[in-house]
Amino acid sequence: MTDSMIRAARAVAIASLLAVVSCTSLGPGGRSPPSVDRAERAARAGDYVAAAREYEELATDALTADAARFRLRAARYFAQARRPADVERLLAMLPAQLPRADQFERDLLRVELDLLRNQNAAAWRRLQSLPPAESHGDQLALQQLRSRVAFANDRILEGIEAARQTETLSDPGDPQAGVRRRLLGELRAAAERGVALERIATTDKVTQGWLELGGIAARVARSPLSARAQVAAWQGRFPGHPASTIVRSEIIGEPRDATLQPPNGQVALLLPLGGRTASAAAQIRAGFMVASEQAGMRAPGTVTVYDTSGSTIADAISRAFNDGAGFIVGPLLREEVIAATDFAGMRGYILALNYLPMDQPAPHGMLQFALSPENEARSIAERVTAGAAGKRGIALVPDGEWGDRVLEAFSSELTRRGGELVDVERYDASQSDFSAPITHALRLDESRARHRRLQNLLGISLEFQPRRRGDIDFIFAPAPTATLGRQLRPQLRFHYASDIPTYSTSSAFEPHPTANQDMEGLIFPDMPWVLDDDDDIARIRTAAATSAAAQGQARGKLFAFGYDAYQIYAAIAAGADPGSLQIDGLTGHISFDADGRARRDLQWAEIRRGEARRLDRN
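The notes below deal with the structure included here. (Residues numbered from 1 in each chain as written. Predicted model: local features only at pLDDT ≥ 70, side-chain atom pairs only at ≥ 80, totals over all residues. Heavy atoms only, no water.)

1. As for the overall build of the protein
Secondary structure assignment for the protein yields 25 helices and 15 strands. Residue burial in the protein is summarised as follows: out of 618 residues, 50% are buried. Long-range contacts, defined here as pairs at least 24 residues apart, represent 66% of the contacts in the protein between residues at least 6 apart. (Helix = DSSP H or I, 4+ residues; strand = E, 2+ residues; numbered from the N terminus. Buried < 20%, exposed > 50% of the residue type's maximum accessible area, 1.4 Å probe, protein only. Contact = heavy atoms within 4.5 Å.)

This is the structure:
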């Protein structure tokens with residue numbers, strides 16, 4: 001449950017807790033100690049781990065009853081930080097006998113612990129065995145948790161009913177939209193994991209409306225251009241439904257800022273079509289134009305392409321605006337994107353096709369969409385630490401600016417998630433023999449040195465096989481090209497690392513009937529355009545093959561990039577707010593953060609017998 005829900009449900013408990021602190025010897029002059037203030041400030045800021053640790057420290061010096069209450073509070077914040085081991089540790093420290101209110105909170109936390117460990121059926125059984133909630137706050141907390149547990153077990157009708165009870169129990173002064181948004185999110189997630197919401201029978205009109213809207217939300221995620229028509233039909237079937245208050249923000253979307261004019265249907269595509277970037281730009285243009293053709297009459301307006309290779313960005317953007325463009329897609333090169341910041345927000349959105357430097361915030365009106373290896377590096381860090389803290393590994397990265405950026409993104413995300421890089425070695429991407437950095441990273445050179453010392457000591461020849469280090473759980477070996485990936489992975493296997501999970505960026509893989517046989521076991525994230533062949537992608541491939549706009553450029557990742565750039569534009573032109581935009585695109589599941597930077601959630605694959613085989617997300 002969210003922080004605001006917790007505060008509403010447990011307001012009396014917090015007030016009691018603060019009163020306990022104020023009358024103990026923990027602070028001078030009978031005042032609440034600063035650590036309580038820091039804990040609550042940290043919680044309000046979303047730093048639940050810091051809040052939990054503050055309460056743990058308070059529990060250390062408190063009397064038994066007070067210590068139990070502090071530990072319950074710490075366990076609650078650890079649950080919100082998704083740290084099940086810490087929740088279990090604190091619950092085990094509680095005495096068997098507790099006051100009724102504290103005992104109920106402990107029972108709720110045990111259900112939370114089951115959820116955190118994906119033991120959903122156990123969570124439902126435990127929830128059913130709880131005694132009735134006595135206080136209003138406990139009733140609210142129980143219904144919030146009941147809804148989450150029900151949806152986790154695909155008990156859809158029970159989940160909807162609990163969410164409706166939550167809204168009934170909430171303070172009249174609290175906004176209803178938060179409860180309704182969370183309910184719609186649960187229904188959409190259920191539809192996306194395969195629950196057939198439309199087949200669930202109910203005679204309740206409001207419940208039926210929620211079921212239908214959950215299916216619409218899931219479909220619109222894949223086809224944003226159909227949002228308005230589907231929502232209009234739904235509103236006709238369910239006039240006055242509670243979800244009507246959130247439809248525009250959650251499915252159709254509203255403009256992020258009233259000062260930005262909605263796109264007028266004329267879009268300018270700025271690409272460097274000459275020189276060294278001509279091939280890449282042609283592929284992006286092909287994807288953009290094929291998407292435009294497929295949208296047809298569903299997306300009003302026209303597309304005009306401007307070549308930036310022979311002019312300044314200032315000139316190109318000025319010409320586009322003067323020609324009536326209400327939305328600009330591009331430019332592509334990083335230095336061009338930096339120059340374009342001077343024009344963001346003047347007459348509409350600019351969707352830049354690259355990222356600004358991390359230390360340069362995007363101006364109002366600029367969104368950033370890119371095929372970023374840093375995004376992939378962070379996704380890899382998230383995967384290697386999923387389900388277990390303290391994962392240890394080594395990194396082999398190429399010398400140069402590309403390697404520096406990827407390593408920084410990976411290592412910072414890994415550290416944030418509790419992992420550790422115990423060694424980093426760099427390789428020269430211009431060479432083909434990486435034995436030196438590999439043997440040093442795996443400590444094979446130390447093993448050989450020990451063998452030589454032992455032979456010299458004994459004066460005899462000994463049979464020997466080097467032993468690599470045994471203290472690592474993964475290898476991060478990004479490669480900027482498929483050629484390097486095909487060289488790096490076989491050498492790691494040759495040096496006794498075939499059994500260590502090895503991760504790389506998508507650039508290390510390129511489909512080929514025979515060239516990937518020696519890359520067995522390499523794990524990497526990649527886009528659906530590369531790994532999937534479902535009906536939607538098959539239709540796009542067929543359309544691209546027959547489109548004059550594709551010009552034979554419909555195979556590569558940059559085609560998919562251009563296609564998704566159009567999908568982003570079309571969704572915003574249809575009224576979507578970039579801050580809540582969700583698109584299942586050819587390049588991944590696309591969303592935007594608060595700084596206007598696109599994040600792509602990718603699919604996962606492993607090379608098996610020379611082919612990329614899809615893996616589960618975790």
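2. Things to note about the environment of D584
Mapping D584 onto the fold places it in strand 11 (residues 583-585). A sequence separation of 20 residues divides D584 from D564, and the C-alpha atoms of the two residues are 9.1 Å apart. Non-local contacts of D584, meaning those with residues more than four positions away in its chain, are made with E192, A221, R222 and H589. Within the structure, D584 has its side chain in polar contact with the side chain of H589 (distance 2.4 Å). (Polar contact = N/O pair within 3.5 Å; in protein donor to acceptor, adjacent residues only side chain to side chain.)

3. Concerning the pattern of salt bridges
Taken as a whole, this structure holds 36 salt bridges when the rule is applied. For the salt bridge of E88 with R117, the shortest nitrogen-to-oxygen distance reads 2.6 Å. Pair noted here: E88 is in helix 6 (residues 84-92) and R117 is in the loop between helix 7 (100-116) and helix 8 (120-128), with a separation of 29 residues, a long-range link. The partly exposed category is assigned to E88, whose relative accessible area is 40%. For the salt bridge of R405 with E374, the shortest nitrogen-to-oxygen distance reads 2.5 Å. Of the two residues, R405 sits in helix 19 (residues 401-416) while E374 sits in helix 18 (residues 373-384), which places them 31 residues apart along the sequence. Judged by relative accessible area, which is 24%, R405 ranks as partly exposed. Residue classification places E374 among the buried residues on the basis of a relative accessible area of 12%. A network of salt bridges, in which partner residues are shared, links E382, E413, R416, R417, R599 and D601. (Salt bridge = Lys/Arg side-chain N within 4 Å of Asp/Glu carboxyl O.)

4. A word on the nonpolar core
By size, the foremost hydrophobic cluster in this structure holds 45 residues, and its most contacted members are V329, L351, L353, F369 and I568. Mapped by element, the contributors of at least two residues to this core are strand 1 (266-271), helix 15 (278-295), strand 3 (327-329), helix 24 (535-545), helix 25 (557-573) and strand 12 (588-592). A total of 11 residues in this core trace back to one element, the largest contributor, which is helix 25. The contact partners of I568, leaving out residues within four places of it in the chain, are L351, F369, L581, I583, I590 and F592. With 29 residues, the next largest nonpolar core counts Y48, V49, A74 and A75 among its residues. (Core = buried A, V, L, I, M, F, W, Y, C linked by side-chain atoms within 4.5 Å.)

5. Here we look at the packing of aromatic side chains
Throughout the structure, instances matching the rule amount to 16 aromatic pairs. Between the aromatic rings of Y566 and Y569, the centroid separation amounts to 5.5 Å while the plane-to-plane angle is 65°, which identifies the pairing as edge-to-face. Taken together, the positions of Y566 and Y569, both in helix 25 and 3 residues apart, correspond to about one turn of that helix. According to the relative accessible area criterion, Y566 is buried, its value standing at 4%. Through pairs of rings, three or more aromatic residues link up here, namely F288, F327, Y349, Y566 and Y569. Across the ring face of W604, the terminal group of R383 is positioned such that the distance to the ring centre comes to 4.7 Å. (Phe/Tyr/Trp six-rings, centres within 6.5 Å; stacked < 30°, edge-to-face > 60°. Lys NZ or Arg CZ within 6 Å of the ring centre and 35° of its normal.)

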